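Results of the structural survey
This is what each chain is made of:
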Amino acid sequence: MQTATTTISEVFLESLNNAYGSQRNFEKELVYKAYQCGNKGRLYFAINKLLNFTMYPACLKEENAQAIPLLECNLDVCDIANFIEDIDYTKLSKAYLQVRSLIES
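Throughout this description, residue numbers start from 1 for each chain and increase along the sequence as written. Per-residue local features are limited, in this predicted model, to residues with pLDDT of at least 70; the limit for side-chain atom pairs, both in listing and counting, is 80 or more; totals at the level of whole chains, interfaces and linings are taken over all residues. Note: side-chain values were computed over all heavy atoms of the structure, leaving out hydrogens and water.

Re the overall build of the protein
Put simply, DSSP H or I for four residues or longer makes a helix, DSSP E for two residues or longer makes a strand, and each gets a number counted from the N terminus. On a plain count of helices and strands, the protein comes out with four helices and three strands. Taken from N to C terminus, the helices and strands of the protein fall in the order α-α-β-β-β-α-α. On C-alpha atoms alone, the protein measures out to a radius of gyration of 13 Å, which is about the 13 Å that the 2.2 N^0.38 rule sets for 105 residues. Each principal axis of the C-alpha atoms in the protein carries an extent, and together these give about 35 × 35 × 20 Å. Across the 105 residues of the protein, 37% fall into the buried class. Two residues form a contact once any of their heavy atoms are found within 4.5 Å. Within the protein, counting contacts between residues at least 6 apart in sequence, those at least 24 apart form 59% of the total. Once the 10 positive and 13 negative side-chain charges of the protein are each reduced to a mean point, those two points are 2 Å apart. Computation of the radius of gyration draws on C-alpha atoms, with the globule rule given as 2.2 Å multiplied by the number of residues to the power 0.38. The rule is simple: take the accessible area with a 1.4 Å probe, protein chains only, and divide by the maximum for that residue type; under 20% is buried, over 50% is exposed, in between is partly exposed. We score Asp and Glu as negative and Lys and Arg as positive, and we do not count His or the chain ends. Here the site of a charge means NZ on Lys, CZ on Arg, CG on Asp, or CD on Glu.

Points about helix α1 (residues 10-20)
For α1, the set of buried residues is Phe12, Ser15, Leu16 and Tyr20. The arc that holds the buried residues of α1, viewed along the axis, is 105°, so those residues lie on one side. Residues Glu10, Glu14 and Asn18 are exposed on α1 and point more than 90 degrees away from its buried face. Along its buried surface, α1 packs onto α2 (23-36), β1 (42-47), β2 (53-57) and α4 (89-104). In this context, the arc is that of the directions from the helix axis out to the C-beta atoms.

Quick word on the packing of α1 against α2
How two helices pack is summed up by the angle between their axes together with the distance between the axes. For helices, the fitted line uses only the C-alpha atoms of the stretch in contact; every axis is such a line through C-alpha atoms, and the angle between N-to-C directions lies from 0 to 180 degrees. Closest axis-to-axis distance for the α1/α2 pair is 8 Å, and the angle between their directions is 60°. Classified by the interaxial angle, the pair formed by α1 and α2 is oblique. For the pair α1 and α2, the crossing hand works out as left-handed. Contacts between α1 and α2 pair Leu13, Leu16, Asn17 and Tyr20 from the former with Gln23, Asn25, Phe26 and Glu29 from the latter. Note on residue categories: nonpolar means Ala, Val, Leu, Ile, Met, Phe, Trp, Tyr, Cys or Pro, charged means Asp, Glu, Lys or Arg, and polar means any other residue, Gly included. Looking at the contact of α1 with α2 residue by residue, the class counts come to four nonpolar, three polar and one charged. Orientation is classified from the angle alone, with under 35 degrees giving roughly parallel, over 145 giving roughly antiparallel, 65 to 115 giving roughly perpendicular, and any other angle giving oblique. Helix crossings are classified by the rotation of the near helix relative to the far one: an anticlockwise turn of less than a right angle makes the crossing left-handed, while a clockwise turn makes it right-handed.

Structure follows, in structure tokens:
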């Protein structure tokens, strides 16, 4: 989780808030998707060519081939709650900005 001294890109936060309403809603959506998958397999959080966020399980990876993963959770070895606690939003923001610049170029 983020601390008071953590700086998260405003562009990333704005995009996350536009997509999910808040960081908390994003985390709720991760839990929801994990439970939809039966808490098994891999779960991806990605950005597509239109700069939209998407979450999908490994079984739908082919359908989401255009999406570039920002986060990957292996639900077989990691509980989703622990995964969410360990998300480094600063690193996630940097990955988002890198992917976004690649898509836009």
